[in-house]
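# Inside the fold
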Amino acid sequence: MKGNKILVTGGLGFIGSHTVVELQKEGYEVIIIDDLSNTRIEVLDGITKITNIRPEFVKLDLKEKEAVASFFKEHKIDGVIHFAASKAVGESVENPIKYYENNIATLVYLLKNMADNNVPHLIFSSSCTVYGQADELPITENAPVKRAESPYGNTKQIGEEIIHDLTKVNDITAIALRYFNPIGAHDSVLIGELPLGVPQNLIPYVTQTAAGLREELSVFGDDYLTPDGTAVRDYIHVVDLAKAHICALQRLLEGKNKTKMEYFNVGTGTGSSVLDVINVFQKVNDIALKYKIVDRREGDVTSAYANTKLANEELGWKAEFGLEEALRSAWQWQLKQV
Ligand code: UFG
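Since we're looking at a predicted model, the values are computed, not measured.

### What to know about the overall build of the chain
Check the secondary structure of the chain and you find 11 helices and 13 strands. The C-alpha atoms of the chain give a radius of gyration of 19 Å, which matches the 20 Å a tight globule of 338 residues would have. A principal-axis box enclosing the C-alpha atoms of the chain has dimensions of 55 × 45 × 40 Å. A buried classification covers 54% of the 338 residues belonging to the chain. For the chain, the accessible surface area stands at approximately 15200 Å², while carbon and sulfur atoms represent 49% of it. Measuring between centres, the 35 positive side-chain charges of the chain sit 3 Å from its 46 negative side-chain charges.

What follows is the structure, encoded as structure tokens:
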């Protein structure tokens, strides 16, 4: 609701920054905390240019327990959207402690401070990774949570459980949004994804290859049981994903939630293979992409795409953009990078 003060942790990251823009457009007052570990301070200028409002920003690492406690004492917050987390699957296998500390220890401090200061609502960034390779497609929220393939995935599962436990004994209400594969950039091209180093995810690798920064894209496996043999995902435009957060927040602020903790898939409902992505990217941007087929990547599932009925009906949210718009914006964003 307009005027409510919303804390966005990780608000200068990829999904966080797009969500801050949508929050401000809807009249929310935003305060961002971010430790800048995986983004740049200039993102704040991008948000300001798009919305004509400079959100309040506090550089803060959620691991700094005392600083976080002081922050909550100094600010009256009506709700939290919690993005701040590490998110590289491979890195989490190499360095699990980093992931349990950055994603779990910090969540516990955050929740403790929310409880101590009567902050009533939380939106949590979860992931379709909690389903692993689901037995049925498209995936509904009732699909069983499967044993995580990586410490990163585990932090999302454990995170959901910790929040659920808290909501059982406390006034806090929460929604976990289980994202499918977020891609694209704001159409102003003032904010987008800023992967550091060699990208692990498909779309930044595609755009960097098209831009000549990478030699060639490796397609990980063409022997999956899918129509063209390459793995299938549900790619969702980041602006659509950002809007889902506003709908979820509104639901909690208006008390429309049916249980104290709810879970929603956020995807388009359409599965696209790696070759689909390559073909659509080449077509909409009129550019050739060099790629080769290599072995499968360890830990990848064959197919994941969302049944979005629950989010459509309960949140009143639906993805508006398709793969074409998302890949066009991703390329426009890439062209703006030096
Ligand atoms: N892929 C390639 N080449 C690349 C990169 C990716 O072929 O260079 C393929 C992958 O094998 C996969 C698809 O493109 O089939 C998408 O891969 P991404 O790395 O972009 O995304 P993932 O589906 O692997 O990962 C996403 C989120 C994670 C989350 C995971 C759960 O980015 O945060 O889903 O499955 F944990």
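### Points about the environment of isoleucine 163
Here isoleucine 163 lies in helix H6 (residues 151-169). For isoleucine 163, a relative accessible area of 0% puts it in the buried group. For the pair isoleucine 163 and leucine 122, spaced 41 residues apart in the sequence, the C-alpha separation amounts to 8.9 Å. Non-local contacts of isoleucine 163, meaning those with residues more than four positions away in its chain, are made with Leu107, Leu111, Leu122, Phe124, Ala174 and Met261.

### Things to note about the environment of glycine 3
With respect to the helices, strands and loops of the structure, glycine 3 is situated in the segment before strand E1 (5-9). In sequence terms glycine 3 and leucine 253 are 250 residues apart; their C-alpha atoms lie 12 Å from each other. Apart from residues no more than four positions distant in its own chain, glycine 3 is found in contact with Gly27, Tyr28 and Glu29.

### Some remarks on the site of the ligand
Taken together, 18 residues surround the ligand, and among them Leu202, Ser218, Arg233, Arg297 and Asp300 come closest. One nitrogen or oxygen atom from the main chain of serine 218 is found 2.7 Å from a nitrogen atom belonging to the ligand. In isolation the ligand has 680 Å² of accessible area, and contact with the protein removes 89% of it. Broken down by element, the residue count for the shell around the ligand peaks at 4 residues, all from strand E8 (residues 217-220). A class-by-class count of the residues in the shell around the ligand yields 9 nonpolar, 6 polar and 3 charged.

### Topic: the nonpolar core
Formed by 42 residues in total, the largest nonpolar core has its most connected members in Leu23, Ile47, Ile123, Leu177, Leu249, Leu315 and Trp317. Among the elements of the structure, E1, helix H1 (14-25), strand E2 (29-34), helix H2 (42-51), strand E6 (173-179), helix H8 (238-253), strand E11 (261-266) and helix H10 (309-315) are those that each provide at least two residues to this core. Among the elements that make up this core, the one with the highest residue count is H8 (10 residues). When neighbours within four sequence positions are excluded, leucine 315 is seen to be in contact with Leu177, Ala244, Cys247, Ala248, Arg251, Phe264 and Leu310. If you look at the next biggest cluster of nonpolar residues, it comprises 23 residues, including Leu62, Ile77, Val80 and Ile172.

### Considerations on the packing of helix H5 (residues 96-116) against H6
One can describe the packing of H5 onto H6 by two numbers: an axis separation of 10 Å at closest approach and a directional angle of 15 degrees. When the axes of H5 and H6 are compared, the pair comes out roughly parallel. At the point where H5 passes H6, the crossing takes the right-handed sense. When H5 is examined against H6, the residues Pro96, Tyr99, Tyr100, Asn103, Ile104, Leu107, Val108 and Leu111 are found in contact with a partner set consisting of Pro151, Tyr152, Asn154, Thr155, Ile158, Gly159, Ile162, Ile163 and Leu166. Looking at the contact of H5 with H6 residue by residue, the class counts come to 13 nonpolar, 4 polar and no charged.

### Comments concerning the pattern of salt bridges
A full pass over the atoms with the stated rule returns 23 salt bridges. The partner of aspartate 223 in a salt bridge is arginine 296, and the shortest N-O contact between them spans 2.9 Å. Within this pair, whereas aspartate 223 is found in the loop between E8 and strand E9 (232-233), its partner arginine 296 is found in the loop between strand E13 (291-294) and H10, the two being separated by 73 residues in sequence. Aspartate 223 sits in the exposed class, given a relative accessible area of 51%. Where glutamate 262 meets arginine 251, a salt bridge forms, and the shortest distance between an N and an O atom there is 2.7 Å. Of this pair, glutamate 262 sits in strand E11 while arginine 251 sits in helix H8; the two residues are 11 residues apart in sequence, bridging distant segments of the chain. On the basis of relative accessible area, arginine 251 is assigned to the buried category, the value being 6%. Through salt bridges with shared partners, a single network forms among Arg251, Lys258, Glu262 and Glu314.

### Let's talk about the packing of aromatic side chains
Inspection of the entire model under this criterion finds 2 aromatic pairs. Both rings, one in phenylalanine 71 and one in phenylalanine 72, keep their centres 5.7 Å apart while their planes meet at 80 degrees; by these two values the pair is edge-to-face. Across the pair, exposure class does not vary: phenylalanine 71 and phenylalanine 72 are buried alike. With 5.7 Å between their ring centres and 85 degrees between their planes, phenylalanine 281 and tryptophan 331 make a pair best called edge-to-face. Residue phenylalanine 281 is located in helix H9 (residues 274-285), and its partner tryptophan 331 is located in helix H11 (residues 323-336); the two are separated by 50 residues in the primary sequence. In this structure phenylalanine 281 comes out as buried when scored by relative accessible area, which is 0%. Seen from the ring of tyrosine 224, arginine 296 lies directly overhead, with NZ or CZ sitting 3.9 Å from the centre.

Cut-offs used in this document
- Residues numbered from 1 in each chain as written.
- Predicted model: local features only at pLDDT ≥ 70, side-chain atom pairs only at ≥ 80, totals over all residues.
- Heavy atoms only, no water.
- Helix = DSSP H or I, 4+ residues; strand = E, 2+ residues; numbered from the N terminus.
- Rg over C-alpha atoms; globule rule 2.2 N^0.38 Å.
- Buried < 20%, exposed > 50% of the residue type's maximum accessible area, 1.4 Å probe, protein only.
- Areas by Shrake-Rupley, 256 points an atom, 1.4 Å probe, with all protein chains shown as cover.
- Lys, Arg positive; Asp, Glu negative; His and termini not counted.
- Charge placed at Lys NZ, Arg CZ, Asp CG, Glu CD.
- Contact = heavy atoms within 4.5 Å.
- Near = heavy atom within 4 Å.
- Polar contact = N/O pair within 3.5 Å; in protein donor to acceptor, adjacent residues only side chain to side chain.
- Nonpolar A, V, L, I, M, F, W, Y, C, P; charged D, E, K, R; others polar.
- Core = buried A, V, L, I, M, F, W, Y, C linked by side-chain atoms within 4.5 Å.
- Axes fitted to C-alpha atoms, helices over the stretch in contact; angles between N-to-C directions.
- Parallel < 35°, antiparallel > 145°, perpendicular 65-115°, else oblique.
- Left-handed = near helix turned anticlockwise from the far one by under 90°.
- Salt bridge = Lys/Arg side-chain N within 4 Å of Asp/Glu carboxyl O.
- Phe/Tyr/Trp six-rings, centres within 6.5 Å; stacked < 30°, edge-to-face > 60°.
- Lys NZ or Arg CZ within 6 Å of the ring centre and 35° of its normal.

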